[in-house]
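In case you want the letters, here they are:
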Amino acid sequence: MASKTKKPSKTKEITPVGKAKITATTDENDDGLDLVEQEQETRTVTEEQIDEPTIEDLPGVGPATAEKLREAGFDELLAIAVMTSGALSDAAELGDAVASKIIQSAKKMANIGGFLSGGQLLERRREVMKLKSQVESLDALLGGGFETQALIEVYGAFGSGKTQIAHQLAVNCTLPVDQGGFDGDVFYIDTEDTFRPERIMQMSRGLDLDPDEVLERIHVARAYNSDHQMLLIDEIKRMSKGMNVKLIVVDSLTGHFRAEYIGRGMLADRQQKLNRHLKDLKQIADINNALILVTNQVHSKPDAMWGDPTKPVGGHILAHASTFRLYLRKAKGGRRIVRLVDSPNLPEGECVMEVIEDGLRD
Ligand code: ADP
Ligand code: MG
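Residues numbered from 1 in each chain as written. Chains lettered and ligands numbered in written order. Predicted model: local features only at pLDDT ≥ 70, side-chain atom pairs only at ≥ 80, totals over all residues. Heavy atoms only, no water.

**Some details on helix α3 (residues 85-92)**
Moving on, step 1. Within α3 the residues assigned to the buried category are Leu88, Ser89 and Ala92. Within α3, the buried residues cover an arc of 95° as seen down the axis, which keeps them to one side.
Moving on, step 2. Considering only its buried residues, α3 is in contact with α1 (63-71), α2 (77-81) and α4 (96-109).
Moving on, step 3. Count one or two residues on from α3 and you reach glutamate 93, which has phi positive near 55°. (Buried < 20%, exposed > 50% of the residue type's maximum accessible area, 1.4 Å probe, protein only. Helix = DSSP H or I, 4+ residues; strand = E, 2+ residues; numbered from the N terminus. Arc of directions from axis to C-beta. Contact = heavy atoms within 4.5 Å.)

**Observations concerning the pattern of salt bridges**
Moving on, step 1. Scanning all chains against the criterion turns up 15 salt bridges.
Moving on, step 2. Of the charged contacts in the structure, one is a salt bridge between aspartate 185 and arginine 217, with a shortest N-O distance of 3.5 Å. Placement of the pair is aspartate 185 in strand β4 (residues 185-190) and arginine 217 in the loop between α9 (211-216) and β5 (218-222), with a sequence separation of 32 residues. Each member of the pair, aspartate 185 together with arginine 217, is buried.
Moving on, step 3. One salt-bridge network, held together by shared partners, links Arg329, Arg339, Glu348 and Glu350. (Salt bridge = Lys/Arg side-chain N within 4 Å of Asp/Glu carboxyl O.)

**Examining the nonpolar core**
Moving on, step 1. One finds Leu138, Phe146, Ile218, Leu247, Leu293 and Leu326 to be the most contacted residues of the largest nonpolar core, which totals 40 residues.
Moving on, step 2. Here leucine 293 is in contact with Phe146, Ile152, Val154, Ile165, Ala166, Leu169, Leu247, Ile248, Val249 and Val250, once residues within four sequence places are set aside.
Moving on, step 3. In this structure, Phe187, Leu253, Ile292 and Val294 belong to the second largest nonpolar core, which totals 26 residues. (Core = buried A, V, L, I, M, F, W, Y, C linked by side-chain atoms within 4.5 Å.)

The following block contains the structure:
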């Protein structure tokens, strides 16, 4: 991956796209999620793929056909390439001949992905950097810190410290590499209006950093609903050119999705959208050798019928997309227990940390 030239960046507010609408949270039932499976497909993404052809680039697809395809959920070439003409013509209400032609073209243009040798993969793994949380036991639990090219999910009940971790990593990301940071820029998508510059300033002082310099490198946008949340990813892609983007936070990843898509009838739609959102996030992580940190809630009803209160929401889609999952819970005396639940190459384990004014500490 070509190293990005660093230039001083200004704090810019990302303009909200579309209508701002806050949807009220309603009763939840996340259990059915696991019934709906949209397998996450992991692909190695290269720089060129950012300008991937879209369905509008298919020969013979004008705006009207494109709209039909999108309405039927076919917004990616790969999704079309794997269809049969009968199924596509039914789903998108197209003639058989048209559907067949579209599929043939999509097969030629879609980026199917490819195989890499073990050696090439090892080469990519060598680029992985680890962001220190400054909590020694937590960094040890993660094998040295929070990895780039990974999506790390932090889940736990309200008040368990998810947002504190997000703030701390945002601050730490700006630290020089020899101090466990990435000397990097941060994009922070705040869906619950809990980002606090004041907290960033406290944590910066806790590390003897100039709070104003740290704030300059953290770019925050409030997401008003799930569509807006997804659009902000495009905005990150646009804004991040020429920046050294090393951390993207989505706090919370699932809140809007959960509030807007209620009931089993909407699960498939919700999971499909969430899946796309996660793929977009992972693409940015791959391209920039960056770390994605997302927060997630747990099922709130302590009832066997409606879900285990220690289980994260988001179903299998999120479970598969996360490289590491950390489960946070409160313990006595303001301490927090962090449990590493899922990792491709590390044992499960726990550590204890504290949240103090200066930030997270052992
Ligand atoms: P979550 O995002 O999981 O809902 P938070 O990360 O917002 O929870 O954690 C909130 C908790 O963090 C507070 O209840 C408090 O215990 C702790 N906290 C927040 N700010 C400070 C601070 N300045 N000093 C000490 N503890 C703090
Ligand atoms: Mg929070």
